[in-house]
Every structure is written in structure tokens, then in C-alpha cells.
Amino acid sequence: MAPTMGARGGDRGDSELGVETEWTAVLIVKGLSVRYGRSVRALEDVDVELPDDAVLAVLGGNGAGKSTLLRAISGTLKLHRGAVTAGEITFEGERIDRLDPALVVRRGVVAVPEGRQVFARMTVEENLRAGGLGARDARARTAARERVRELFPVLAERASQRAGLLSGGEQQMLAIGRALMSGPKLLLLDEPSLGLAPQMVGRIGAIIKEIHDQGTAVVVVEQNATMALRVAQHAVALEVGRVALSGPAGALAESDEVQRLYLGGHAESEEQAAAEARAAEAHAVGRRLARWGS
Ligand SMILES: Nc1ncnc2c1ncn2[C@@H]1O[C@H](COP(=O)(O)OP(=O)(O)OP(=O)(O)O)[C@@H](O)[C@H]1O
Ligand SMILES: [Mg+2]
């Protein structure tokens, strides 16, 4: 078992009254082992739990198995010649580890894979419409469209532009927007801030927070631990396919090990964190103003 930091769950105000309520985990990954081909062991006996109203940050260096964990949850390992060799994954109490990717989406689990894969030759609008094909019905689709319009006004402005012409940050927003079009209960994000400028990282962080506030649980894989730990309530750090640390995001952020391994603990990352925080705040203010204006 990996070390668990502090109290798990039940940490939502009730504990002030001395009552320890266990949250009901919506996603449970238990004893999960994954291999690619015969020889590559990418995950080994991994346990991860996510409460239904939370953001979980998955930290870890290159090759730690972060993307593999998301692929296992979204049922897409087969596309990468990978397979679950042990353990199970349940979502809302039902096994999903043997389902085809499309059925996982239908259960409400939607992934935005590494590298913001938008349909470059299609317009922004067409990309979003493609995401809407996974929606339950026309009403759900309209509601999702409205939610995406509110979250990403820039996508509405660029509706008829080809997705390939958007900036990196805008493409990431489109990839997230497309995933939201199917009205997911759980959103899986693989390194949404990769390659983006600090200001854009801050905006992505603010957007993750807002998506969560609207009732969608999120698993966010990040090498940018500063942003991920700021938006998450729970965190897990993977090292060479195993869980090295897990617990409340705040506790992990303060642990020496996380500071040393993932937060750098030096001026540069603090500067970046400050820039990200400023950008997140500016984004939030901008959105509040936009709401008042409407
Ligand atoms: N399709 C594949 N075939 C064979 N091995 C793979 C494949 N995909 C990943 N691996 C291996 O599995 C291990 C975990 O990889 P994974 O991509 O999950 O790591 P990661 O934490 O997402 O890394 P990164 O930060 O670089 O994205 C690595 O050793 C990697 O080389
Ligand atoms: Mg990866």
C-alpha cells in the first residue's frame, strides 16, 4: 500500500463537528496493473479513488504511467496495444474496465487525450458538433452547447474558423469544449497545460475549477503540479507505474517530497505560480463582468 497523507475523505466541514463522514467514491481503481505488449509493465497494483464532487490531480514524471491510467479508465488501452492484466475499475458502482470506449463515454466518462487532438481541418463549430454526438438527447446537447459557449466565448467568436488555425491554448479549449458537449459526469484531462504560456495555464486552471463547480468531476494529469494542486482536492503521485503518494491536494502540496520532486521549490516556479494566479484571477473577473453585462 502506498502511504496515504492525512485523513481521506470526510473532510468537508462535517469534520469540524467531529463527525467523520466517508464520501462515496464515484471512481474506484483497485489493484490495477497494465501492460503494453508482453514486456512493458506500465502500471502495477495502482489504487486510486475519486469522490463524486472532486478534482483529482495525477502527478508524476515522464513515463510514470499517468496517461496509461487515463487510457485504462476511458477504455482506450487497446488502441495503444495495452491491456489490463489485474485489478478493476468501477464508475458509479459498475465495472467499466471491460467496456468499449464508446460505452464508457455513454456512462459519462469522457477523455481529452494528450496533445489536444482537435480535427484540424474541420471548423470549430464542426468539432463541437462532433462532440455533441455523444450527448443523451437534443435537450442535453443544447444545454451542453450553451455551457461551452459560456465557458469559452473565444470559441464562439471563431466558430467558422478551421480548428488547425487556432493557437495552442485555444485548441486546448476546443478539445475540452468538445469533450463537454457530451455532458460528461467525469472529465479526464491529460496534460491540458502542456506547452502553454503561464497565462494560458492559469486560464486552463480557472476553467477546470469552473467545470468542477458546475458539477463535473475531473481527473487532471499534469506535470505542472503547481496548477494541478491548486485546482484539485485530492492528488496522487505516480512513480514508475506505482502510487508513491496519495491524499488531500493541500497536504501533498506541502509535503517535502512533492515540493522537491514536482514543485521545484525554487524561485522560477514561484514566479510562474504567481503569473498563473494573476491570470486565473483576471480570467475569473472577466467572466464575472461578462455575466453582469449579459
Ligand atoms: N503504446 C505503448 N507501447 C509500449 N509502451 C508504452 C506505450 N505507451 C506508453 N508506454 C510505456 O508505458 C510507461 C508509462 O507511459 P505513460 O505514457 O503512461 O507515462 P506518462 O506518465 O503519461 O508519461 P509522460 O509524462 O511522458 O506523458 C512508459 O514506460 C512508456 O514508455
Ligand atoms: Mg502522458
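Just above, that's the structure.
Parameters at a glance
- Residues numbered from 1 in each chain as written.
- Chains lettered and ligands numbered in written order.
- Predicted model: local features only at pLDDT ≥ 70, side-chain atom pairs only at ≥ 80, totals over all residues.
- Helix = DSSP H or I, 4+ residues; strand = E, 2+ residues; numbered from the N terminus.
- Buried ≥ 20, exposed ≤ 12 C-beta atoms within 10 Å, placed from the backbone.
- Pairing = 2+ DSSP bridges.
- Near = placed C-beta within 6 Å.
- Nonpolar A, V, L, I, M, F, W, Y, C, P; charged D, E, K, R; others polar.
- Contact = placed C-beta atoms within 7 Å.
- Axes fitted to C-alpha atoms, helices over the stretch in contact; angles between N-to-C directions.
- Core = buried A, V, L, I, M, F, W, Y, C linked by C-beta atoms within 7 Å.

Another aspect to go through is the overall build of the protein chain. Secondary structure summary: the protein chain contains 11 helices and 10 strands in total. By residue count, 44% of the 294 residues in the protein chain fall in the buried class.

Now for the pairing of strand 9 (residues 234-239). The element strand 9 is largely enclosed, with a buried count of 5 among its 6 residues. Where strand 3 (residues 55-59) lies against strand 9, 4 bridges are found, and the strand directions are parallel. Opposite Val58, over in strand 9, you have Val236 as the bridge partner. Where strand 9 meets strand 10 (residues 242-248), 6 bridges bridge the pair, whose relative direction is antiparallel. By the bridge assignment, Ala235 is partnered in strand 10 with Gly247.

The next point concerns the site of ligand 1. Around ligand 1, 14 residues are found, and the nearest of them are Tyr36, Ala42, Lys66, Ser67 and Thr68. Mapped onto the shell around ligand 1, the elements with two or more residues apiece are strand 2 (40-51) and helix 1 (66-74). If you tally residues by element for the shell around ligand 1, the top one is helix 1, at 3 residues. Considering only residue class, the shell around ligand 1 consists of 4 nonpolar, 8 polar and 2 charged.

In terms of residue burial, helix 1 counts as a mostly covered element, since 9 of its 9 residues are buried. Residues of helix 1 that are buried: Lys66, Ser67, Thr68, Leu69, Leu70, Arg71, Ala72, Ile73 and Ser74. Positive phi appears at Gly75, one or two residues downstream of helix 1, with a value of about 75°.

We now examine the sheet that holds strand 4 (residues 82-91). One open sheet accounts for 4 strands, arranged 2-1-4-5; its pairing is antiparallel. This sheet does not close on itself; its edge strands, each paired only once, are strand 2 and strand 5 (94-95). Pairing between strand 1 (residues 25-36) and strand 2: 8 bridges, direction antiparallel. Directly across from Ile28, in strand 2, lies its bridge partner Glu49.

A word on unusual backbone geometry. Working note: non-glycine residues mostly have negative phi, and peptide bonds are mostly trans. Despite not being glycine, Glu92 has its phi angle at roughly 50°, a positive value. Following the sequence through the fold, Glu92 ends up in the loop between strand 4 and strand 5. C-beta crowding within 10 Å serves as the criterion here: with 16 such atoms nearby, Glu92 is assigned to the partly exposed category. With a phi close to 40°, Val240 is a non-glycine residue in the positive phi region. Here Val240 shows up in the loop between strand 9 and strand 10.

Our focus in this paragraph is the environment of Gln172. With respect to the helices, strands and loops of the structure, Gln172 is situated in helix 6 (residues 168-180). We classify Gln172 as buried; it has 27 C-beta atoms within 10 Å. For the pair formed by Gln172 and Val118, sequence separation is 54 residues and the distance between their alpha carbons is 8.3 Å. When sequence neighbours within four positions are dropped, the list of residues in contact with Gln172 reads Arg116, Pro192, Leu196 and Ile204.

Taken together, the 6 strands give an open sheet; going across it, the order is 6-7-8-3-9-10, and neighbouring strands pair in mixed fashion. Edge positions in the sheet fall to strand 6 (109-112) and strand 10, since each of these pairs with one other strand and no more. Put simply, the sheet's adjacent strands are angled 15° from each other on average, direction ignored. Note: strand 6 against strand 7 (residues 186-190), 4 bridges, orientation parallel. From the neighbouring strand, Val109 faces strand 7, where its bridge partner is Leu186. Relative to strand 8 (residues 217-221), helix 7 (residues 198-213) is tilted by about 155°, and along the sheet it contacts strand 3, strand 7 and strand 8.

So, on to the pairing of strand 3. Remember that side chains alternate between the two faces of the sheet whenever the strand is regular. With 5 of 5 residues buried, strand 3 is to be regarded as a mostly interior element. In the sheet, strand 3 pairs with strand 8 via 4 bridges, with the strands oriented parallel. Across the sheet, Val55 pairs through a bridge with Val218, a residue of strand 8.

Right, let's get into the nonpolar core. Counting 81 residues, the largest nonpolar core has Leu56, Ala57, Leu188, Val220, Ala232 and Ala235 as its most contacted members. The element contributing the most residues to this core is helix 7, with 7 residues. In this view, Leu188 contacts Leu70, Ile73, Ser74, Val109, Val110, Ala111, Val112 and Val219; residues no more than four positions away in its chain are not counted.

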